[in-house]
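Structural features, examined
Spelled out, the chains give:
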Amino acid sequence: MAALAPVPAVQQLHRPSFGTKLSGSSTMAALPRQRRTVAVSAAAGPPIMVNSCTGKMGHATAEAVVRAGLTLVPYSLTGQSEAVAVGNVGVSGVPVELVGPEQRQAALEKIRSQYPDMVVVDYTLPSAVNENAAFYCDNRLPFVMGTTGGDRDKLIADVAASGNYAVVAPNMGKQIVAFQTMMEMMAERFPGCFSGYSLSVAESHQRTKVDTSGTAKAVVASLNKMGLQFGEDQIEKVRSPEEQVSRMGVPEAYVDAGHAFHTYTLTSPDGSVTLEFKHNVCGREVYAEGTVDTCLFLHRQIQAGAEKKLYNMIDVLSAGAMR
């Protein structure tokens, strides 16, 4: 698993030997916001292990697990350098030990003995997507893959062939996925409705996001079915803070704290008609809460012995698996 860059906002605790119990709390900087979280009984949901808790999205998801009243598995698979340099982090009062790739197979045996019904969440790096998925499948670990990037066709093919339970989705934000699904339904219902129109797409995320938005790619795919001819390589990645604020309208407080702003502009051949679609998100909470719902959905599918093993976020929405 590739190493992750340290996140200064996460409290680093004294590193223990594997299995040592610690006390600690998160000091990740948080902007004031209202939370509407419906807690569930830990007995009603699975223990959840989040990889990697040092990343901002992983940390936000781990916090959402604790807020939901579920059991956060106090271990997190991460890059070797991160495991050595950081050792462990505190998540909402729960000490989480980082486990490097060289130790993860041995560590997994102990972790599973304590949490046999756990579901794994992957928020790591694009370069680690396929390797991590193979590890989960080889070990029959049900997992939720929220990391974007990697070889997506190979990812889907490999997970499907493994027969392992998993949800693979580039976007766990329930409301954003609902919009995305609406666009796909429109494409199926009205193919070619935008024939002759031109399209421009701009997406803005924090500077640490190196790959193009998976959500933008999915929406573009739907728009292309409506008669457009637009390549994924034409999607503009806006990563300059100045441009993010002045052009995309990102609040300054969220430039580095986490945001996802998307604008799709369609223009008729003569320029007389313009349609613009936007979905703008500040912070990571919408994705973190959606990830927890997804884990609950997958756990229910496993308990029911569902024949289908590989799911996406539309499956989660269709099941009404929302708190």
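Everything below is about the structure shown above.
Heads up: these notes are all about the structure in this document.

Some remarks on the layout of surface pockets
In this structure, the second largest pocket spans a volume of roughly 630 Å³. Taken together, 23 residues make up the lining of the second largest pocket; nearest its centre are Arg152, Pro170, Gln180, Gly214 and Ala218. Contributions of two or more residues to the lining of the second largest pocket are made by helix 5 (152–162), helix 6 (174–189), helix 7 (214–225) and helix 10 (313–318). Here the lining of the second largest pocket takes five residues from helix 7, the largest share from any one element. Its residues assigned to classes, the lining of the second largest pocket comprises nine nonpolar, nine polar and five charged.

Regarding the sheet that holds strand 9 (residues 236–238)
Overall, mixed pairing links the four strands, which are arranged 9-8-10-11 in an open sheet. Looking along the sheet, the strands with just one partner apiece sit at the ends: strand 9 and strand 11 (274–282). Between one strand axis and the next, the sheet turns by 15° as a mean value, whatever way the strands run. Relative to the sheet, helix 6 contacts strand 10 (259–267) and strand 11, its axis offset from that of strand 11 by approximately 155°. Where helix 7 meets the sheet, it contacts strand 8 (198–205), strand 10 and strand 11, and its direction lies at approximately 20° from that of strand 10.

Description of the environment of Val167
Following the sequence through the fold, Val167 ends up in strand 7 (residues 166–168). The class for Val167 is buried, based on a relative accessible area of 0%. Separated by 144 residues in sequence, Val167 and Tyr311 place their C-alpha atoms 4.6 Å apart. Residues in contact with Val167, not counting those within four places in the same chain, are Phe143, Val144, Met145, Thr294, Phe297, Leu298, Tyr311, Asn312 and Met313.

Basis of the calculations
Sequence order sets the numbering: in each chain, residues are counted from 1 along the sequence as written. For a predicted model such as this one, the threshold for reporting local features is a pLDDT of at least 70, and the threshold for listing and counting side-chain atom pairs is 80 or more; totals across whole chains, interfaces and linings nevertheless cover every residue. Only hydrogens and water are set aside when side-chain values are computed; all heavy atoms of the structure are taken into account. With a 1 Å grid laid over protein atoms only, a set of points is called a cavity when a 1.4 Å probe fits there but cannot get out and a pocket when it is open yet has protein on both sides within 12 Å along at least five of seven lines; lining residues have an atom within 4 Å of a point. Grid points are joined across faces, edges and corners, and a volume is the space filled by probe spheres set on the points. Strands are runs of DSSP state E lasting at least 2 residues, helices are runs of H or I lasting at least 4, and numbering of each runs from the N terminus. Three classes are used: nonpolar for Ala, Val, Leu, Ile, Met, Phe, Trp, Tyr, Cys and Pro, charged for Asp, Glu, Lys and Arg, and polar for all others, with Gly counted as polar. For two strands to be treated as a pair, DSSP must find no fewer than two bridges joining them. Under this scheme, a helix contributes an axis fitted over its contacting stretch, all axes are lines through C-alpha atoms, and angles between N-to-C directions fall in the 0 to 180 degree range. Note on contacts: a residue pair qualifies if any of its non-hydrogen atoms lie within 4.5 Å across the two residues. For the exposure calls, accessible area comes from a 1.4 Å probe over protein chains only, and a residue counts as buried if that area is under 20% of its type's maximum, exposed if over 50%, partly exposed in between.

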